[in-house]
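Analysis of the macromolecular model
Chain by chain, the residues:
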Amino acid sequence: MARAIAIIGGTGEIGLGLAFRWAQARQVVHIGSRQKERAEAAALKVRDAVGSEAKVEGFENREAASQAELVVLTVPLSAQISIVKGVKPALQSGTIFVDCTVPTAAAIGGRLTRTVGLWAGSAAEQVAELLPGIPVLSGFQTVAAEALQDLDHPIESDVIVCGDAKDAKEALKALIELIPGARYVDGGPLENARIVEHLAVLLISLNIRYGVHRAGLRITGLPEDLLPRKVG
Ligand SMILES: NC(=O)c1ccc[n+]([C@@H]2O[C@H](COP(=O)([O-])OP(=O)(O)OC[C@H]3O[C@@H](n4cnc5c(N)ncnc54)[C@H](OP(=O)(O)O)[C@@H]3O)[C@@H](O)[C@H]2O)c1
């Protein structure tokens, strides 16, 4: 069987959106949940949306991660550390790990429109500290779940990917380009996730201010072929 994309917390809004898009692009998708039944129900939703031929299955989180070449983490900050520790033993060597977490203060009972400071610098760097030897990337924070789930329209957003592993970025770029309207933008080293995660909180506040649900981000002025220069 082809190795899969595992979406940990794939029963939630953005995880399900990514599952829709990658299943539509004929990728093997494993939806992970703390409860297998919830994951199976989400897999059913994907088949309903995309078609019965969709290669999607539901698993408990650790099992989902065990057969994956790419693991995408889509859980709230409050659950991030425990979920990463839980799936860690199942990760195979060479697995790429993508963190989508937005560190909103809601995780500690605060406002959704404020960030919370993390000792590691960002939510993605917090994951990287927990997973030495695994290439950790950050991405999708500035993409709205609602836009991903709307299969009738392209998403009209850039996906800014931060990370230090060049090959892993190339692999994720190929998957991002399978999503209609999505544009991969190399956001530089993983430490730049600090900036992107904060921008995501700005987008949440814009959604609230303008009464919309899918504020996104497009960077202008980049070359058509998106060959980024090396920045120090
Ligand atoms: N929504 C967006 O548009 C968007 C965009 C970019 C980034 N993000 C980020 O992506 C992450 C997921 O966002 P979301 O909107 O998809 O969240 P969500 O709808 O609340 O779903 C998150 C999933 O995480 C799992 N989970 C594991 N531990 C949990 C816990 N302690 N409490 C609650 N859920 C837990 C749940 O799955 P099980 O119960 O099945 O285990 C749940 O379905 C967040 O960090 C968010 O900031 C969201």
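For the structure itself, look to the data block above.
Residues numbered from 1 in each chain as written. Predicted model: local features only at pLDDT ≥ 70, side-chain atom pairs only at ≥ 80, totals over all residues. Heavy atoms only, no water.

**Topic: the pairing of strand β4 (residues 68-73)**
In plain terms, the rule: The buried label goes to any residue with under 20% of its type's maximum accessible area, the exposed label to any with over 50%, and the partly exposed label to all in between, with areas taken from a 1.4 Å probe on protein chains only. Only DSSP runs of H or I with at least four residues qualify as helices, and only runs of E with at least two residues qualify as strands; both kinds are numbered from the N terminus onward. The criterion for strand pairing is that DSSP finds at least two bridges linking the strands in question.
Along β4, five of the six residues are buried, which leaves the element largely enclosed by surrounding structure. Relative to β4, strand β1 (residues 4-8) runs parallel, the two being bridged by five bridges. Residue pairing for β4: A4 is matched across the bridge by A68. Bridge count between β4 and strand β5 (residues 96-99): four bridges; the pairing is parallel. Its bridge partner lying in β5, V71 is registered against F97.

**Concerning the nonpolar core**
Cut-off, in case you're wondering: What makes a nonpolar core is a set of buried Ala, Val, Leu, Ile, Met, Phe, Trp, Tyr and Cys residues whose side-chain atoms join them at distances within 4.5 Å. Whether two residues are in contact is decided by their heavy atoms, any of which lying within 4.5 Å being enough.
Residues L18, W22, I31, V46 and F140 are the most contacted members of the largest nonpolar core, which totals 40 residues. For this core, the element with the most residues is helix α1 (residues 13-24), which contributes seven residues. Aside from chain neighbours lying at most four places away, what touches F140 is I14, L18, W22, V98, C100, V159, I160, L172, I176 and I179. Among the nonpolar cores identified, the runner-up in size contains 28 residues, and I8, L131, I134 and A193 belong to it.

**Some thoughts on the pattern of salt bridges**
The criterion, for reference: A pairing counts as a salt bridge when a side-chain nitrogen of Lys or Arg comes within 4 Å of a carboxyl oxygen of Asp or Glu.
Evaluated as defined, the whole model comprises eight salt bridges. Among the ionic pairs, D186 bridges to K169, the shortest N-O distance being 2.6 Å. Of this pair, D186 sits in strand β8 (residues 183-186) while K169 sits in helix α7 (residues 166-176), and the two are 17 residues apart along the sequence. With a shortest N-O distance of 3.3 Å, E177 and K173 are connected by a salt bridge. Note on E177: relative accessible area 48%, which makes it partly exposed.

**Remarks on helix α8 (residues 193-210)**
Stated formally: Multiplying one less than the number of residues by 1.5 Å gives the expected span of a helix.
With 18 residues, α8 should reach 26 Å at 1.5 Å per residue; the first-to-last C-alpha distance of 25 Å fits that figure. Within the span of α8, buried status applies to A193, V196, E197, A200, V201, L203, S205 and N207. Looking at the packing, one finds that the buried side of α8 touches β5, α5 (123-130), β6 (136-138) and β7 (158-163). The positive-phi residue at the C-terminal boundary of α8 is G211, with phi of around 65 degrees.

**A closer look at the site of the ligand**
What counts here: Here a residue is considered near a molecule or strand provided that any single heavy atom belonging to it is located within 4 Å of it. N or O atoms closer than or at 3.5 Å make up a polar contact, with two conditions inside protein: a donor-capable atom paired with an acceptor-capable one, and, for residues adjacent in sequence, both atoms drawn from side chains. Using a 1.4 Å probe, the Shrake-Rupley method yields the accessible areas, and only the shown protein chains count as cover for residues. Following the grouping adopted for this structure description, the nonpolar residues are Ala, Val, Leu, Ile, Met, Phe, Trp, Tyr, Cys and Pro, the charged ones are Asp, Glu, Lys and Arg, and the polar ones are all others, Gly among them.
Residues in contact with the ligand amount to 21 residues; listed here are only the nearest, T11, S33, R34, R38 and V75. I14 places a polar main-chain atom, nitrogen or oxygen, 2.9 Å from an oxygen atom of the ligand. In the complex, the protein chains occlude 74% of the 880 Å² of accessible area that the ligand would expose alone. Sorting the residues of the shell around the ligand by element identifies α1 and α4 (77-87) as the ones contributing at least two each. Here the shell around the ligand is composed, by residue class, of eleven nonpolar, seven polar and three charged.

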